[in-house]
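Letter by letter, the chains look like this.
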Amino acid sequence: MTAIETVSTNKAHGGVQGVYKHHASSTGTEMTFSVYVPPHEDGDVLPVVWFLSGLTCTHANVTEKGEFREACAELGLILVAPDTSPRGEGVPDDPYGSYDLGLGAGFYLNAIEAPYATHYRMQDYIEKDLPEVIEANFPADMTRQGIMGHSMGGHGALTIALRNPQRFKAVSAFAPIVSPINCPWGEKALKGYLGADETSWPEYDAVALIASGARVSDMLIDQGTDDQFLEEQLKTNLLEEVCEDTGQKATIRYQPGYDHSYYFISSFMADHLDWHAERLKD
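Residues numbered from 1 in each chain as written. Predicted model: local features only at pLDDT ≥ 70, side-chain atom pairs only at ≥ 80, totals over all residues. Heavy atoms only, no water.

Draft legend 1. Spatial organisation of unusual backbone geometry. Across the junction of Ala114 and Pro115, the peptide omega takes the value 5 degrees, indicating a cis bond. Backbone geometry at Lys235 places phi at a positive 55 degrees, although glycine is not the residue there.

Structure, rendered in structure tokens:
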């Protein structure tokens, strides 16, 4: 199931920015994603960086506002931007129409509760389905992968990397939800998708994973000091504390005056890509 349909392609910084769709067996739906392939010689295979977006977003947010292409072209990095949830006819949304559960809020986990269990399998989509598509259709070196994300996507990047440290050689995040167990966004999503039994929740919580022994070689976190979600939802201090307590290597930077928006992300995107490129060298 690796065939794709091209939605659009545009030349950018000597490379190609494309948007594609395919049928995903994990979600049982058509999924849309974007891929930037930098200029390269025929036969070359290039390292891949995944960007996971946050609540309410699609692949389009970072594709249109992330300002990553110039850096990717200079560094020779493919950037893949998946959607944040399954979509389409028959895919259930939050019955109350809220933004933090259902469409646009997949939380990069495998749901087990009705009505979400059939389609909301974003962990399998990111870890299994889409990598096969990328390897089959793009000049991607799947032995050199990094992962990054924003907010809910930062949660996804950290937890996926901590569960798959041999696959992802670099991980970074912008304003990540570091401990869904301990914030309203996360508690609502974990209960909605996984149920009231909290025994399965820690595998989707970066702080809990690190506390239980999961490790990555290093991580880079940028957090704006004027982020309106910092205290109640993001709780970066919990990640600082667990990394210090366990010896998990991490560079956690507080950026004065920056908020939660793509103005913040785009300001430090090149730094993150350079950081990934250094760790994804041959």
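Draft legend 2. View of the sheet that holds strand S6 (residues 140-150). The nine strands are arranged S1-S2-S3-S5-S4-S6-S7-S8-S9 in an open sheet whose pairing can be described as mixed. Each edge of the sheet is formed by a strand with only one pairing partner; in this case those strands are strand S1 (5-12) and strand S9 (251-255). Here the average twist between neighbouring strands, direction ignored, is 20 degrees. Inspection of the sheet shows S1 paired to strand S2 (residues 15-24) by seven bridges, in the antiparallel sense. If you follow Ala12 over to S2, its bridge partner there is Gly15. On the sheet, helix H3 (residues 122-137) packs against S2, strand S3 (29-37), strand S4 (46-52), strand S5 (78-81) and S6 and is oriented at approximately 55 degrees with respect to S3. Across the face of the sheet, helix H8 (residues 236-246) comes into contact with strand S8 (220-224) and S9 while running at roughly 150 degrees to S9. (Pairing = 2+ DSSP bridges. Helix = DSSP H or I, 4+ residues; strand = E, 2+ residues; numbered from the N terminus. Axes fitted to C-alpha atoms, helices over the stretch in contact; angles between N-to-C directions. Contact = heavy atoms within 4.5 Å.)

Draft legend 3. Main features of the layout of surface pockets. Empty space within the largest pocket amounts to approximately 150 Å³. Lining the largest pocket, in full, are Gly54, Leu55, Cys57, Lys65, Tyr99, His150, Ser151, Trp185, Phe229, His260, Ser261 and Tyr262. For the lining of the largest pocket, a count of residues per class yields six nonpolar, five polar and one charged. (1 Å grid on protein atoms, 1.4 Å probe; cavity = no way out; pocket = protein on both sides within 12 Å on 5 of 7 lines; lining within 4 Å. Points joined across faces, edges and corners; volume = space filled by probe spheres on them. Nonpolar A, V, L, I, M, F, W, Y, C, P; charged D, E, K, R; others polar.)

Draft legend 4. Main features of the nonpolar core. Counting 88 residues, the largest nonpolar core has Ile134, Tyr193, Leu239 and Leu273 as the members making the most contacts within it. Here the element with the most residues in this core is helix H9 (residues 262-279); it accounts for seven residues. Among residues more than four places away in sequence, those in contact with Leu239 are Leu158, Val178, Val207, Ile210, Met219, Ile221 and Ile252. (Core = buried A, V, L, I, M, F, W, Y, C linked by side-chain atoms within 4.5 Å. Buried < 20%, exposed > 50% of the residue type's maximum accessible area, 1.4 Å probe, protein only.)

Draft legend 5. The arrangement of the pairing of S5 in detail. Both faces of S5 are covered, namely the face carrying Ile78 and Val80 and the face carrying Leu79 and Ala81. In this sheet, S5 lies alongside S3 in antiparallel orientation, the contact comprising three bridges. Paired with Tyr36 across the strands is Leu79, a residue of S5. By the bridge criterion, three bridges tie S4 to S5 in an arrangement that is parallel. From the neighbouring strand, Val48 faces S5, where its bridge partner is Ile78.

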